Amino acid sequence: PKPVTGSLLDGLDPDQREAAGSGGGPLLIIAGPGTGKTRTLTHRIAHLVSERDIPPEQCLAITFTRRAAEEMVERLAALVPGHAAKLTIATFHSLGVRILREQHERAGLSADFGIADQTRQLEILAEVTGEADRRALAELSRNRRTGNVDELAERYTKALRQHDLVDFDDLVEMPVALLDAEPELAAAYRERYRWISVDEYQDVDEQQYRLLRLLAPREGNLTAIGDPDQAIYRFRGADVGFFLRFQEDFAPARTVQLTRNYRSNPHILGAALQAIAPGTLVPGRELRPLGEHGDALVGVHQAADGRAEAAFVARTIDQLLGGSSFHSLDSGRVNSDGTQGLGFSDFAVLYRTDRQARALLDAFAQAGLPVQKRSHDRLSDRSGVEEIVAELAHPGAGTTVAERVRHAADTVLARGVDEPLVHTAVELLKPLALRCADLAQFRTELSLGVEVDTWDPRADRISLLTLHAAKGLEFPVVFVVGCEDGLLPLRWPGAEPAEEELAEERRLLFVGITRAQRHLYLSHAAERWGRAVARSRFLTDISADVERIGDAVPRGRPRETQLRLL
Ligand code: ATP
Ligand code: MG
């Protein structure tokens, strides 16, 4: 069938338009990084509701993180202002909360059941096993996500339930059990959400997959979008196999590929393709550079140790910004050719493990460069936050959530809790306080707040992120640090990674490289944490498009900097 064209599809290329404008039925969109998957999905939903008259209440879009969901809400609010509020844009977890709140009696929960944060989870685990062990909890979680519920898992969830609590895994597991046991209930939800789309489908796990199968609309209006080469959550139970067999699961599915990369300069894309080639899950993948992002080569740098590597990063950022004296003036600078100059928020430093951040934070502090680190903490696990939330139940005064948080903070302060700690906690809670209408919603949002931390994509700061946390994002300048055997690929001491683990580490590097738009630097150290280390085996696969950068000034000062200095 001929794809429909309309104003909402005008900003898309022909492949994207075919995908976004296609009618009902199962649809698999398989596409590499920066090809506009997320953009296509957003336009598809906008097109459905405003040009195909699909009631927005029938549309459900599932994203991987809350941050991604928020972004999609924003984009849709701009594209189809009249409909956006009626769409359901959720993560698997927030969808699960919604179903459980609606069906709490059937699920054996009270109307205001709580969601256990990690501290609470560990307490419950300790009740069951006699000790609170993070590793054991992670293992338990992975088993449940891959559908292996053993005796320990049963005892643990039973204990949770006795406290009227659910944990993160329950948020998907319980709706699956409920809809599985009650077909008429499942049918009612299928009737409600008749158009479902899922972004980052390569990273769904067994339970999420089961939920999707139960919810998959009768007419088959299910769109899955993703890139198998960016599957990086196997350690958490995700299985790229679900992506690879979408066509069998939801036959007859249409497949559309997107092949134009709008994000990265041709050298960066070239390096990315070389890095992934030996382990690609999309053989013969076509991916062409289309963006206008300059032609800087990929810089590779070897530093003496972790400190020297961090200093290299700080120095290079400094140079790209045009010299330290410009720092405070830099943001919003306009080049003589009218393009925007680089600001702090245009830089991201990506690393494999959190431990690498220390040296970077030190180097940036010394250079006077502002940074923000994206942490994996849940908001509710931050110290200070817990005390305030515990106090929230008590202050009667105040009508709005914000006022009650302030009262609670005052009480906590009066009790002598460290003042800066409380202030930081209040700052962290602020955006939530603004968004939530009542305390119940506040509590739900709080416990769902994974990775909704101090990291703000709009802040004028350099971003420090793990490779995992960088998924789906893009930055004009990217550093991938610690390209060493042992870190990338990561290896536990004394153990050679299994082949599947190696493949996933390779994909992680692919994800990192493909975040970059204009400049990419890959660095490694000769010595890390007091031990001699070898450069990553993956780097040997990247030969073209690369220049070695010594300790001196990087060669080929980028064009925008030269222009700015005129
Ligand atoms: P990832 O795999 O990293 O999640 P993606 O495929 O979801 O990437 P997007 O983030 O949707 O890619 O798009 C990448 C960039 O390309 C964005 O800046 C987007 O605005 C831009 N882009 C996508 N499609 C087009 C287009 N047709 N014209 C111009 N720019 C586009
Ligand atoms: Mg995306």
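Just so you know, these numbers come straight off a predicted model, no measurement behind them.

Draft legend 1. Local environment of the packing of helix α6 (residues 134-145) against helix α7 (residues 151-162). Two elements in contact, α6 and α7, have axes separated by 10 Å at closest approach and are oriented at 100°. By the angle class used here, α6 and α7 are roughly perpendicular. Note on element contacts: α7 touches α6 through Leu-152, Ala-153 and Tyr-156, opposite Leu-140, Asn-143 and Arg-144. Taken together, the residues of the contact of α6 with α7 sort by class into four nonpolar, one polar and one charged.

Draft legend 2. Representation of the sheet that holds strand β3 (residues 88-91) in the model. The strand order β3-β2-β6-β7-β1-β8 describes an open sheet built from six strands, whose pairing is parallel. In the strand order of this sheet, the two ends are held by β3 and β8 (254-258), each with one partner. If you compare each strand with its neighbour and ignore which way they point, the axes differ by 15° on average. As defined by bridge partners, strand β2 (residues 59-63) adjoins β3 across four bridges and the pair is classed as parallel. Residue pairing in the sheet places Ile-62 in a bridge with Ala-90 of β3.

Draft legend 3. Region of the structure containing the environment of Asp-164. Tracing the chain through its elements places Asp-164 in the loop between α7 and β5 (165-166). Given 14 C-beta atoms within a 10 Å radius, Asp-164 is considered partly exposed. Along the chain, Asp-164 and Gly-114 lie 50 residues apart, while their C-alpha atoms are 6.5 Å from each other. Leaving out residues up to four positions away in the same chain, Asp-164 has contacts with Leu-109, Ser-110, Phe-113 and Gly-114.

What counts, and at which threshold
- Residues numbered from 1 in each chain as written.
- Chains lettered and ligands numbered in written order.
- Predicted model: local features only at pLDDT ≥ 70, side-chain atom pairs only at ≥ 80, totals over all residues.
- Axes fitted to C-alpha atoms, helices over the stretch in contact; angles between N-to-C directions.
- Helix = DSSP H or I, 4+ residues; strand = E, 2+ residues; numbered from the N terminus.
- Parallel < 35°, antiparallel > 145°, perpendicular 65-115°, else oblique.
- Contact = placed C-beta atoms within 7 Å.
- Nonpolar A, V, L, I, M, F, W, Y, C, P; charged D, E, K, R; others polar.
- Pairing = 2+ DSSP bridges.
- Buried ≥ 20, exposed ≤ 12 C-beta atoms within 10 Å, placed from the backbone.

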